[in-house]
Amino acid sequence: MKKYFTVFICIINTSLAVLAQGEIDLQPKVFYRNEWSVAAMLNSNGFGANYRYGKRINARNKRLFEVDFAYMKHPKESKTYTPDGSRVVYGKTNLAFDFRFALGRQHEIFRKYDVGGIAIRYFYNYGPAVAMLKPIYYNVGEAVQVPGNPPITVIMPLDDPEIFDPTWYGNNIYVLSRSSFFKGFNKMEFVPGVFGKFGINFEYSKQDRIIHALEAGFIIEAFAKKVKILNLDDPPTYLDKVAKNQQFLFTLFVSYRFGRIVDPYEVKKKRERSKEISY
């Protein structure tokens, strides 16, 4: 498998190099290449953002320090219309946010030599993760029958928003709409965990000091307990067997990354000059 993967990468790099022939890169090169960058991520269970700082180890390797923030969705979320026309996810109990703090490495497989070429790298990192669960409150109403000929059923709003309860529909209680996003922050729950990430980076910027890259890969996470996003288990519903909350997550991701190359010696010289001027 490793042999076929290497051949595949060689074909991609060769094709892009052919397209870039004749565009000789005459830009002054930064030799000691630290970097910082930010990324917008699209995940198989949501979306998020990433900050990365890469510190040079040698010509082809960097040590990575990263922070991820992601919004997590349950794979079986399905929006339905409420009696008053709002759209809500049936059974959704918590909004889930994922914080990850990582240490890792990046290795350059193929270097970019020409303007318009592409550099290909793989990276991996690992570290602690924390899932933050914020309860969702709903405005609800009770179905009551109004005498008449024929009698009609109306839904009378109840006073206080409530967290989703799967017994509502058996007791003639219906969701009308979601309450304020800011309600429930005082009842947040934090679930600790660990994670590992692996990905491929395709860096294609035409400027030596600027980073434009596309990345793809996967993330594996394990939490201390199930990350409760949906509540469909009690009593059992037709969804409870396919909509279980998960403790172990496997997530695919793609991302766009933008950043800059930093020469640590240039930064040091600027600091020294600024100190001399201040004196």
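Look up: the structure comes first, before these words.
In this report, the structure presented in the accompanying data block is examined. (Residues numbered from 1 in each chain as written. Predicted model: local features only at pLDDT ≥ 70, side-chain atom pairs only at ≥ 80, totals over all residues. Heavy atoms only, no water.)

Despite not being glycine, N172 has its phi angle at roughly 60 degrees, a positive value. Note on placement: N172 falls in the loop between β10 (162–163) and β11 (173–178). Taking relative accessible area as the criterion, N172 reaches 40% and is therefore assigned partly exposed. (Helix = DSSP H or I, 4+ residues; strand = E, 2+ residues; numbered from the N terminus. Buried < 20%, exposed > 50% of the residue type's maximum accessible area, 1.4 Å probe, protein only.)

Within the element layout of this structure, A222 appears in strand β13 (residues 210–227). Between the C-alpha atom of A222 and that of L249, which follows or precedes it by 27 residues, the distance is 6.5 Å. Leave out the neighbours within four places in its chain, and A222 touches G193, V194, Q247 and F248. (Contact = heavy atoms within 4.5 Å.)

Now for the pattern of salt bridges. Scanning the model with the defined rule gives 14 salt bridges in all. Here K225 makes a salt bridge to E189, at a shortest N to O gap of 2.4 Å. Taken together, the positions of K225 in strand β13 and E189 in strand β12 (residues 189–203) put the pair 36 residues apart, joining distant regions of the chain. Within the structure, one salt-bridge network assembled from shared partners comprises R52, E66, D68, D98, R100, K197, E215, E221 and R257. (Salt bridge = Lys/Arg side-chain N within 4 Å of Asp/Glu carboxyl O.)

This brings us to a nonpolar patch on the surface. Together, W36, V38, Y51, V67, F101, Y204, L214, Y256 and F258 make up a nonpolar patch on the protein surface, roughly 770 Å² of accessible area in all. Put simply, the parts of the chain that give the nonpolar patch at least two residues each are β1 (34–43) and β14 (246–262). Looking at the secondary structure, you find Y256 in strand β14. (Patch = residues over 30% accessible without salt bridge, like charges linked within 9 Å, V, L, I, M, F, W, Y side chains within 5 Å. Areas by Shrake-Rupley, 256 points an atom, 1.4 Å probe, with all protein chains shown as cover.)

Turning our eyes to something else, we now look at the sheet that holds strand β2 (residues 46–58). Spatially, the 8 strands close up into a barrel ordered β1-β2-β3-β6-β7-β12-β13-β14, and their pairing is antiparallel. Sheet twist, expressed as the average angle between the axes of neighbouring strands with direction ignored, equals 25 degrees. (Pairing = 2+ DSSP bridges. Axes fitted to C-alpha atoms, helices over the stretch in contact; angles between N-to-C directions.)

Of the strand pairs in this sheet, strand β3 (residues 61–72) and strand β6 (residues 94–110) are connected by 12 bridges, and their pairing is antiparallel. Bridging from a neighbouring strand, F69 pairs with F99 of β6. Both β6 and strand β7 (residues 119–135) contribute to a ladder of 14 bridges, which runs antiparallel. Considered in β7, the bridge of N94 is made with P135.

Most often, soluble globular proteins have nonpolar side chains that are buried together. Counting 20 residues, the largest nonpolar core has M72, A96, A131, F223 and V227 as its most contacted members. Elements represented by at least two residues in this core include exactly β3, β6, β7, β12, β13 and β14. For this core, the leading source of residues is β7, giving 4 residues. One finds V88, L95, V140 and F164 within the second-largest nonpolar core, a separate group that totals 12 residues. (Core = buried A, V, L, I, M, F, W, Y, C linked by side-chain atoms within 4.5 Å.)

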